[in-house]
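Here is what each chain is made of, one letter per residue.
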Amino acid sequence: MLDAIADYGITKLDVNGDVVSWNRGAETLTGHRAEEVIGRPVSMLHTEEDRAAGRAEQELATARDAGRLELESWRVRKSGERFWASVLLVPIQSENGTLSGFAQVIRDISRSARTESTFRDLLESAPDAMVIVGSDGRIMLVNRQTEQLFGFERDELVGQEVEVLVPPRFRRHHPEHREGFFSDPRARPMGRGLELLGLRRDGSEFPVEISLSPLKTDQGVIVSAAIRDVTERREQELRLQHQRDEILELSTPVIQVWDKVLALPIIGTLDSLRASRLTENLLEKIAENQAEVIILDISGVPTIDTQVAQHLLKTVQAATLMGTVSILSGVRPETAQSMVHLGIDVGRLRSRNTLRDALQLALRLLADRAGEARAAGATVTDATGRHE
């Protein structure tokens, strides 16, 4: 029966640790035939340094006192080759309850040990912080980069729930997200489209990107999380966004050319983002200067298409709602022809060829408005006999 279990070296020892029986698996595993080992101490399978330290005797004593002993240790084949072994020692009791010997089971786990060692080496050499999490949400392994990034020693993290690395305000819902991943494990970035934050040991927070990968093991599915600090990249993105905002601001300057008259020279292509910023800046300046007339100069716009025209008309409509008259200047013959060809209806929008003509029109419009205001005031005076 014992010989049928060929992958395991199963032996029986007497109370002194000498070999009493030896199965075929033990012969295959060690290279020793039964007649070569029966009657000899089991320490013959230990390394020379372990024999000198009395390790075999210590193991037998521990198994006797504790009722069993499981360990991993080096063992030696007949050829002198060492192998990493999983060892189980169980004391055997006689009918009267006294110790009659030991049963020993040895298995070669060198391959799995090498695999685990390779895995750990890969984990340590990864450029990102790597956190291995079990299905219970607890941290199983971390690498050196994790210690450096989060400021924890690995002994402080292993066995803890992974939420220890998450800011407190996000911990409530994090287990739900974690369970959702385990229900459908697949490699993917975590929190796509969301800003993710990590929590250092000192309580400081920093932006991170996290990639999740499931790993199938004998213990079930575990998750490998690659965590990258993106603080520098976020800061660069903010700087670039600030620069873009400044460029947009410079490319759509609103100039006060006269009291209550603003001019907006538009240069280059007018896309949706720039048009939105243009309208926003213009309305702010209208309110700030209480402008009554604005001049939109398009002499610097290379082409007028339907999209550009729609942007301009929306800007004019917004200004009109604030009680401001709009004038379009810089309309070249080819621009006018293009707008007519596209069927663009500019409605009651006033237009002039040059900025100078547009400014003259703006001054006339101001004068007309001032005259209308005086006439309206006089009418009120006549009707009431007193000044309003």
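Model, not experiment: these values are computed from the prediction.

With that settled, the discussion passes to the environment of Met140. Looking at the element boundaries, Met140 is found in strand β7 (residues 139-142). By relative accessible area, which is 33% here, Met140 ends up partly exposed. As a C-alpha pair, Met140 and Gln160 span 20 residues in sequence and 8.4 Å in three-dimensional space.

We now examine helix α8 (residues 174-183). Taken residue by residue, α8 has His174, Arg178, Phe181 and Phe182 as its buried positions. One face of α8 carries all of its buried residues, which in axial projection span an arc of 95°. Away from its buried face, by an angle of more than 90 degrees, α8 presents the exposed residues Glu176, Glu179 and Ser183. Tucked inside the fold, the buried residues of α8 contact β6 (129-133), β8 (188-189), β10 (205-217) and β11 (220-229).

Nonpolar side chains collect at one region of the surface, where Ile255, Val257, Trp258 and Leu363 lie side by side and expose about 340 Å² of accessible area between them. No other element matches strand β12 (residues 255-258), which puts three residues into the nonpolar patch. Within the fold, Val257 resides in strand β12. Exposure remark for Val257: the relative accessible area of 33% places this residue in the partly exposed category.

Pairing is antiparallel in the open sheet, where five strands are placed in the order β2-β1-β5-β4-β3. Two strands close off the open sheet at either side, each with one partner strand: β2 (19-22) and β3 (69-76). Direction aside, the axes of adjacent strands within the sheet are offset by 30° on average.

This paragraph deals with the sheet that holds strand β13 (residues 261-267). Taken together, the five strands give an open sheet; going across it, the order is β12-β13-β14-β15-β16, and neighbouring strands pair in mixed fashion. For this open sheet the edge positions go to β12 and β16 (350-352), each flanked by a neighbour on one side alone. Shown here is a sheet whose adjacent strand axes are inclined to one another by a mean of 30°, direction ignored. Pairing analysis gives six bridges linking β13 to strand β14 (residues 293-300), with the strands arranged parallel.

Rules and cut-offs
- Residues numbered from 1 in each chain as written.
- Predicted model: local features only at pLDDT ≥ 70, side-chain atom pairs only at ≥ 80, totals over all residues.
- Heavy atoms only, no water.
- Helix = DSSP H or I, 4+ residues; strand = E, 2+ residues; numbered from the N terminus.
- Buried < 20%, exposed > 50% of the residue type's maximum accessible area, 1.4 Å probe, protein only.
- Arc of directions from axis to C-beta.
- Contact = heavy atoms within 4.5 Å.
- Patch = residues over 30% accessible without salt bridge, like charges linked within 9 Å, V, L, I, M, F, W, Y side chains within 5 Å.
- Areas by Shrake-Rupley, 256 points an atom, 1.4 Å probe, with all protein chains shown as cover.
- Salt bridge = Lys/Arg side-chain N within 4 Å of Asp/Glu carboxyl O.
- Pairing = 2+ DSSP bridges.
- Axes fitted to C-alpha atoms, helices over the stretch in contact; angles between N-to-C directions.

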